[in-house]
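If you want the building blocks of each chain, they are given just below.
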Amino acid sequence: MRLSLRIIEALRNTFDTLLFFATMAVKEDFRNHVARAGAIDMNPARRIAILGNGPSLRSEMSVIRREAEAGGCDIMAVNFFALGEEFEALRPKYYVLSDPQFFRRSGRTGRVEELYKALDGRTAWPMNLYVQYYNPERFDYRAAVPNPNVRIVPFHTTVFHGFRSVEFRCYRRGLGSGNFGTVVQNGEFIALLLGYRRIELYGVDHTLLEGLCVDGRNRLCRIKSHYYDNGATAAEPIYVNATQPPQPYTMASYLAETAELFRGHEVLRDYARSIGAEIVNRTRHSMIDAYTRRPAGEEDEEVEKAGNILK
């Protein structure tokens, strides 16, 4: 029985691995665009801070500013960060967009157009803008952000299923994805490809199960909260971005996708370890359990406690 199960698993992994390469050949390519573009003046410590969208980022900003001003780490921002005043203060070297709303015409909001104007008009320093290679609507990122300081770099997102030994070899070449379902996870993967060996996460609350409810039309809703929002908003339907027009999640599909998202963090943790890197979660009360935890400001609290003891 065990032998038959191993045979079935080997056949499944063989099929999935071959399907991955076939999909890559049709939808993307086999170039490591991230590595080719390279890093921008990487700090000697090879350390980078990735800034998520979570509300905790507000309380962590003073720590991030101090680290950035001291030159102790480079900055990677995501999504709508360029609309805030911190964008020009922190001058991130890297910026990642991966949500379909940034390249699909349907459903795109004025806020997205505002973001592209901000990236174009406010970036007065060299910055790499990472976008998904898969671009079915052929959205022209260069036309949206003609600023010569911004270099547009594609990254691969085809999910890998198959042999683990092949999976990590693909990752080292910039190919594939471990179902990295959030922009921060894509940022982590990009940072590892650039050669950073310590990746610190801020504002990555991942409280994806809080505020869930089902409305009178049987639509799954959630109260979404980001650091750039002014307090909690009303619960809104959660839509599947991959469908056109977008369809609301069911409870079953949302929980399954959320589980895969957290599994993606475990994949990133294991891949980072395999190349001698470390991912550190500096977000207080984050729901991610895959990484080493060291909340922002913890060092200050330790210094304060030591000072009180000496008194």
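Residues numbered from 1 in each chain as written. Predicted model: local features only at pLDDT ≥ 70, side-chain atom pairs only at ≥ 80, totals over all residues. Heavy atoms only, no water.

Asks: Help me out: how do you make sense of a nonpolar patch on the surface in this one?
Replies: On the surface, a cluster of nonpolar side chains totalling about 340 Å² of accessible area is made up of Leu209, Val214, Met251 and Leu255. Relative to the assigned elements, Met251 resides in helix H9 (residues 251-274). Overall, the relative accessible area of 36% leaves Met251 in the partly exposed class. (Patch = residues over 30% accessible without salt bridge, like charges linked within 9 Å, V, L, I, M, F, W, Y side chains within 5 Å. Areas by Shrake-Rupley, 256 points an atom, 1.4 Å probe, with all protein chains shown as cover. Salt bridge = Lys/Arg side-chain N within 4 Å of Asp/Glu carboxyl O. Helix = DSSP H or I, 4+ residues; strand = E, 2+ residues; numbered from the N terminus. Buried < 20%, exposed > 50% of the residue type's maximum accessible area, 1.4 Å probe, protein only.)

Asks: Mind showing me how you'd approach the sheet that holds strand S5 (residues 150-155) here?
Replies: Hydrogen bonds between backbone groups are what pair the strands of a sheet, and the pairing can be parallel or antiparallel. Reading across the sheet, the 8 strands line up as S5-S4-S3-S2-S1-S6-S12-S13 and stay open at both edges, with parallel pairing between neighbours. One side of each edge strand has no neighbouring strand; the edge strands of this open sheet are S5 and strand S13 (292-293). (Pairing = 2+ DSSP bridges.)

Asks: Sorry, what's going on with the sheet that holds strand S9 (residues 236-237) here?
Replies: With respect to topology, 3 strands assemble into an open sheet ordered S7-S8-S9, the strand pairing being antiparallel. Unpaired on one side and paired on the other, strand S7 (212-214) and S9 mark the two borders of the sheet. Bridge analysis of S7 against strand S8 (residues 220-222) gives 3 bridges, and the strand direction is antiparallel. The residue of S8 that forms the bridge with Val214 is Leu220.

Asks: What am I meant to see in the environment of Ala35 here?
Replies: Inspection of the secondary structure assignment puts Ala35 in helix H2 (residues 33-37). A relative accessible area of 41% means that Ala35 is categorised as partly exposed. A C-alpha to C-alpha distance of 8.3 Å links Ala35 and Arg173, two positions 138 residues apart in sequence.

Asks: Whenever I open this one, the pairing of strand S4 (residues 127-132) confuses me. Can you help?
Replies: In regular strands, side chains alternate between the two faces of the sheet. With 6 of 6 residues buried, S4 is to be regarded as a mostly interior element. Relative to S4, strand S3 (residues 94-96) is paired through 3 bridges, and the arrangement is parallel. From the neighbouring strand, Tyr94 faces S4, where its bridge partner is Asn128. With 6 bridges connecting them, S4 and S5 associate as parallel partners. Directly across from Met127, in S5, lies its bridge partner Val150.

Asks: So what exactly am I meant to see when it comes to the packing of helix H8 (residues 183-194) against H9 here?
Replies: How two helices pack is summed up by the angle between their axes together with the distance between the axes. Running from N to C, H8 and H9 cross one another at 10°; their axes reach a closest spacing of 10 Å. With respect to their mutual orientation, H8 and H9 come out roughly parallel. Touching Gln185, Glu188, Phe189, Leu192 and Leu193 of H8 are Leu261, Gly264, His265, Leu268, Tyr271 and Ala272, all from H9. (Axes fitted to C-alpha atoms, helices over the stretch in contact; angles between N-to-C directions. Parallel < 35°, antiparallel > 145°, perpendicular 65-115°, else oblique. Contact = heavy atoms within 4.5 Å.)

Asks: What is the right way to read the confidence of the model for the protein chain from this model?
Replies: Any segment with low pLDDT has predicted coordinates that should not be analysed in fine detail. On average, residues of the protein chain carry a pLDDT of 87, and 89% of them reach 70 or more. The element-level mean pLDDT for the protein chain is lowest in helix H10 (residues 298-310), coming to 45, with S3 highest at 98. Predicted confidence for residues 302-311 stays below pLDDT 50, and this span has 1 contact to residues more than four positions away or in other chains. (pLDDT = per-residue confidence, 0-100.)

Asks: I keep staring at the nonpolar core and nothing clicks. Help me out?
Replies: Side chains of nonpolar character tend, in soluble globular proteins, to be buried together. Ranked by size, the top nonpolar core spans 50 residues in total, and within it Tyr130 and Ile199 carry the most contacts. In terms of residue count, H8 provides more of this core than any other element does, 8 residues in total. Those residues in contact with Ile199, other than ones at most four positions away along the chain, are Ile48, Ile50, Glu188, Ala191, Leu192, Glu278, Ile279 and Val280. Counting 33 residues, the second-largest nonpolar core is a separate cluster that includes Val63, Phe81, Leu119 and Phe139. (Core = buried A, V, L, I, M, F, W, Y, C linked by side-chain atoms within 4.5 Å.)

Asks: Where do I start with the packing of aromatic side chains in this structure?
Replies: Each aromatic ring pair is summarised here by two numbers: the centre-to-centre distance and the angle between the ring planes. Within this structure, the stated rule accounts for 16 aromatic pairs. Both rings, one in Tyr94 and one in Tyr130, keep their centres 6.3 Å apart while their planes meet at 35°; by these two values the pair is tilted. In this pair, Tyr94 sits in strand S3 while Tyr130 sits in strand S4, placing the two residues 36 residues apart along the sequence. The exposure class of Tyr130 is buried, given its relative accessible area of 0%. Summarising the aromatic geometry, the rings of Phe139 and Tyr141 are spaced 4.9 Å apart at their centres and angled 85° between planes, so their arrangement reads as edge-to-face. Both residues of the pair, Phe139 and Tyr141, belong to the buried class. (Phe/Tyr/Trp six-rings, centres within 6.5 Å; stacked < 30°, edge-to-face > 60°.)

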